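A look at the structure
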Amino acid sequence: MSSFSRRRALLSTAGAAAGAGLLPAPAAAAREAAAAGPGPVSVQPDDARYADLISGLNQRWVAAPERIVLPTTTRQVVALVQDAVNRDKRISIRGGGHCFEDFVFNSEVEVVINMSRMNRIHFDPERQAFAVEGGATLLNVYETLYEGWGVTIPGGACYSVGVGGHVSGGGYGMLSRTHGLTVDHLDAVEVVVVDASGRARSVVAGRDPDDPNHDLFWAHTGAGGGNFGVITKYWFRTPGTTGSAPGALLPTPPAEVFVTMASWPWEDVSKAGFTALLEFYGSWLERHKDVTSPYRDMCVWLMPNHQSTGDIALIAQLDATLPDAPRLLTDFLTGLNRALGVSDTPGVPETTGATHRSTYATTQRLPWLRATRYVGTSSPTQTDPNMRGKHKSAYHRRGFTRQQIETIYEHLTRSPQSARIAGLVIPSTGGRIAEVDPAATAVAQRDSIMKVTYETYWYDESDDAANIAWVRGVYGDVYAATGGVPVPGERTDGCYVNYPDSDIGDPRYNRSSVPWHDLYFKGNYRRLQEVKRRWDPNDVFRHRQSVRA
C-alpha cells in the first residue's frame with residue numbers, strides 16, 4: 001500500500017472511531033450496517049470537524065447544512081438519501097472538493113453527503129472490471145491500479161480531484177491523446193437514485209446497449225455530477241479487451257516519460273513574441289490533432305499567466321520509450337523558443353532520472369508513476385486550501401485568431417491583479433479523443449484541438465469583485481464576436497462541464513442565442529433530459545446548472 005493510501009486508511013479509521021451522532025436507524029438496518037463495516041459519520045454544527053467539511057477547494061463557496069454525513073457503503077448511502085427525502089431536506093454530494101461553482105456548498109443545502117470515506121479500489125472478478133468507489137481521488141486510483149496491475153485510466157493531472165464528478169463529466173488528462181477520455185474506458189456505474197414515489201435505491205447501469213439501465217450509464221459519461229443521484233461506484237474496462245487477466249483490461253502507461261517544465265519571464269516577452277507563440281501553438285495543435293501524428297503520445301499545457309505572476313509557463317509530457325521521442329520533444333520546444341525570439345537550446349536527458357536544464361526549461365526522464373505524482377502535486381492550486389477562484393472554459397477547434405491573441409495580450413498585461421494566479425491554461429486535446437462519436441457518450445465535444453481555461457485565484461474576499469471582473473472581461477472580449485461565449489461552430493465548440501461557469505446562463509454575459517446547456521452538451525442535452533425524467537423525476541438531485549427535465 002502506498003503512503004498516500006495508508007494515510008487515507010488511517011483517516012478513515014480515525015473518522016469511524018470518532019463518529020458520534022450517527023443517524024437513527026431501525027435495529028435490523030443497524031445490524032446490517034455494523035456487519036458491513038464502520039457506520040456513517042454524521043457531523044453537525046457543534047462538532048469540531050464541521051468547519052473543515054462545509055467548503056471545498058474554492059473558499060468562495062461555504063455552506064451551513066444541518067449535517068454532513070460520511071458513508072462507507074452503498075447501503076448507507078441509500079439510507080442517508082432516504083432519510084433526507086423523508087424529511088424533505090435539500091441534498092448535495094461532495095465527491096472531491098474541486099467544484100468551481102456553488103453546486104455542492106450553497107445556502108440551500110441542508111444535508112451534504114461527503115463520499116470521501118468510500119474510496120476503495122479493487123478488481124471485481126464477477127464483472128471482470130476494476131471497481132473504484134465514488135469518493136476515491138485520482139492519485140489514489142493511479143497508484144492502486146499501477147502498483148497492483150500495471151494499468152491506469154486516462155484521468156486528470158490534479159492529484160486530489162475526486163473521481164465522482166471528474167469521471168461523470170468525461171474525464172481528461174495527460175494520457176488522453178493516446179487513450180481517449182476516462183469515460184471511454186467506463187464499463188458500469190452504481191448510482192443511488194430516488195423514484196417517483198420517493199423511494200431511494202441503488203442501481204447498476206452498464207455499457208451494454210441491451211442493459212435495461214443503459215441510459216443511466218450513458219448519462220454518466222459526460223453530464224457532470226449532481227444530476228441523477230449519488231455515484232457510489234464506477235467499474236472500468238476498456239471496450240474490446242478480452243480474457244480474464246486484469247493487466248490486459250485497461251491501458252498500460254509508458255514505462256518512462258519526458259516531463260518538461262518551461263517558463264519564460266514576461267520581461268523577455270514582447271507583444272510580437274507573445275503573438276507568435278500563441279499562433280505557433282495553435283497551428284501546431286491543428287497539424288497534430290489526429291492519431292496519425294507522431295506527437296499523438298504527447299500532452300502539452302501552455303499557461304499564459306498574467307504579467308503580474310512573472311512568467312508564461314508550459315508543461316509537456318511525452319512517452320520517452322518512443323524511438324524518436326528526444327527529437328520530437330526538442331523540435332517542439334525549439335519551435336516555441338523561435339516563436340518567442342529565444343535562441344535557447346532545449347535538449348532532453350538520455351537516462352532514467354536524469355535532468356536537462358536550459359535557460360527556460362527543465363526536462364526530466366522519469367518513470368511514469370513518479371512523473372504522475374510530480375506533475376499532479378506541482379501546482380500551488382492543489383496544495384493551498386485557502387484560495388478563492390473563478391473559472392471559465394472553452395473548447396477550440398482551431399487556434400486563436402490574431403484579434404483574439406491581441407485581446408488576450410491586452411488583458412494579461414493590464415495593471416497587476418490582486419491574485420495569486422491569473423491567466424489561461426491551454427491543454428492539448430485531439431488524438432484518440434476524436435475517434436469516438438459525439439453521441440456515443442454524453443461528451444459532445446470530440447474534435448477540439450485544445451481546451452482553454454480562463455482562471456484566477458486569490459485569497460481575500462475584498463478582492464472578489466476585481467478578480468471576477470478580470471475573468472469576465474478577458475473571456476467576454478475574446479469571444480465578443482459570438483456573444484461573449486464560445487458558441488459551437490467552425491472555431492469554437494462550447495464549454496467544459498467539469499469547469500462549470502454560472503455566467504453562461506446569465507444574459508448579461510451570454511449574449512448569444514445559445515443556452516448554457518447547449519454550450520455544455522450541444523445536441524446531447526435532449527437525451528439527458530429524458531434520463532432525468534426517468535431516473536430523478538422529483539428533481540431530488542439538483543444545482544444551478546443541473547439537467548432540467
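Looking at an unreviewed UniProt entry, one finds the protein chain named FAD-binding oxidoreductase and attributed to Streptomyces tibetensis. Under the UniProt heading Cofactor (unreviewed entry), the note attached to the protein chain is "FAD". What UniProt states about the protein chain under its Sequence similarities (unreviewed entry) heading is, verbatim, "Belongs to the oxygen-dependent FAD-linked oxidoreductase family."

Taken as a whole, helix H11 (residues 368-376) has its buried residues at Trp368, Leu369, Ala371, Thr372, Val375 and Gly376. Across the axial projection of H11, the buried residues extend over an arc of 160°, all falling on one side.

Our focus in this paragraph is unusual backbone geometry. The phi dihedral of glutamine 128 is positive, around 55°, even though this residue is not glycine. Mapping glutamine 128 onto the fold places it in the loop between strand S5 (121-124) and strand S6 (129-133).

Quick look at the pairing of strand S16 (residues 421-427) now. The buried count for S16 comes to seven of seven residues, which makes it a mostly enclosed element. Pairing geometry for strand S11 (residues 298-304) and S16, over two bridges, is antiparallel. In the strand pairing of S16, leucine 302 is matched with isoleucine 426. The pairing of S16 with strand S17 (residues 450-458) spans five bridges and is classified as antiparallel. If you follow isoleucine 421 over to S17, its bridge partner there is tyrosine 457.

Attention shifts here to the side chain of glutamate 256. Within the element layout of this structure, glutamate 256 appears in strand S10 (residues 256-265). The contact partners of glutamate 256, leaving out residues within four places of it in the chain, are Leu318, Asp319, Ala320, Thr321, Thr352, Arg365, Leu366, Pro367 and Trp368.

Within the element layout of this structure, serine 462 appears in the loop between S17 and helix H14 (464-478). The exposure class assigned to serine 462 is exposed, which follows from its relative accessible area of 66%. In this structure the C-alpha to C-alpha distance between serine 462 and glycine 164, which are 298 residues apart in sequence, comes to 32 Å.

Read across the open sheet, the five strands follow the order S5-S6-S9-S7-S8; overall the sheet is antiparallel. Of all strands in the sheet, those bounded by a partner on one side alone are S5 and strand S8 (200-206). Each strand axis lies, on average, 20° off the axis of its neighbour in the sheet, ignoring direction. When S6 meets strand S9 (residues 230-236), the two strands line up antiparallel, connected through four bridges. Its bridge partner lying in S9, glutamate 133 is registered against lysine 233. Across the sheet, helix H5 (residues 138-149) lies against S5 and S6, angled at about 50° from S5, the strand it touches most.

This paragraph deals with the packing of H5 against H11. Here H5 crosses H11 at 175°, and the two axes come no closer than 11 Å. With respect to H11, the axis of H5 lies roughly antiparallel. When H5 is examined against H11, the residues Leu139, Tyr142, Glu143, Tyr146 and Glu147 are found in contact with a partner set consisting of Trp368, Leu369, Thr372 and Arg373. The residue makeup of the contact of H5 with H11, split by class, is five nonpolar, one polar and three charged.

Before going further, it helps to examine the side chain of arginine 117. Looking at where arginine 117 falls in the secondary structure, it is placed in the loop between strand S4 (111-114) and S5. Glutamate 133 provides the closest opposite charge to the buried, salt-bridge-free arginine 117, at an N-O distance of 10 Å. Engagement of the side chain of arginine 117 in a polar contact is seen with the backbone oxygen of glycine 39, the distance being 3.3 Å.

Attention now moves to the pattern of salt bridges. Close approach of charged atoms lets side chains of opposite charge pair. Per the counting criterion, the structure on display carries 40 salt bridges. Ionic pairing is found between aspartate 503 and arginine 472, a salt bridge with its closest N-O pair at 2.8 Å. With aspartate 503 in the loop between H14 and helix H15 (516-521) and arginine 472 in helix H14, the pair connects residues that are 31 residues apart, well separated along the chain. On the basis of relative accessibility, which here comes to 4%, the residue aspartate 503 falls in the buried class. A relative accessible area of 28% places arginine 472 in the partly exposed class. One connected set of salt bridges, linked through shared partners, spans Glu101, Asp102, Lys390, Lys392, Arg472, Asp501, Asp503 and Arg544.

Conventions used here
Residues numbered from 1 in each chain as written. Predicted model: local features only at pLDDT ≥ 70, side-chain atom pairs only at ≥ 80, totals over all residues. Heavy atoms only, no water. UniProt positions renumbered as here; feature names shortened; annotations may be inferred. Buried < 20%, exposed > 50% of the residue type's maximum accessible area, 1.4 Å probe, protein only. Helix = DSSP H or I, 4+ residues; strand = E, 2+ residues; numbered from the N terminus. Arc of directions from axis to C-beta. Pairing = 2+ DSSP bridges. Contact = heavy atoms within 4.5 Å. Axes fitted to C-alpha atoms, helices over the stretch in contact; angles between N-to-C directions. Parallel < 35°, antiparallel > 145°, perpendicular 65-115°, else oblique. Nonpolar A, V, L, I, M, F, W, Y, C, P; charged D, E, K, R; others polar. Lys, Arg positive; Asp, Glu negative; His and termini not counted. Salt bridge = Lys/Arg side-chain N within 4 Å of Asp/Glu carboxyl O. Polar contact = N/O pair within 3.5 Å; in protein donor to acceptor, adjacent residues only side chain to side chain.

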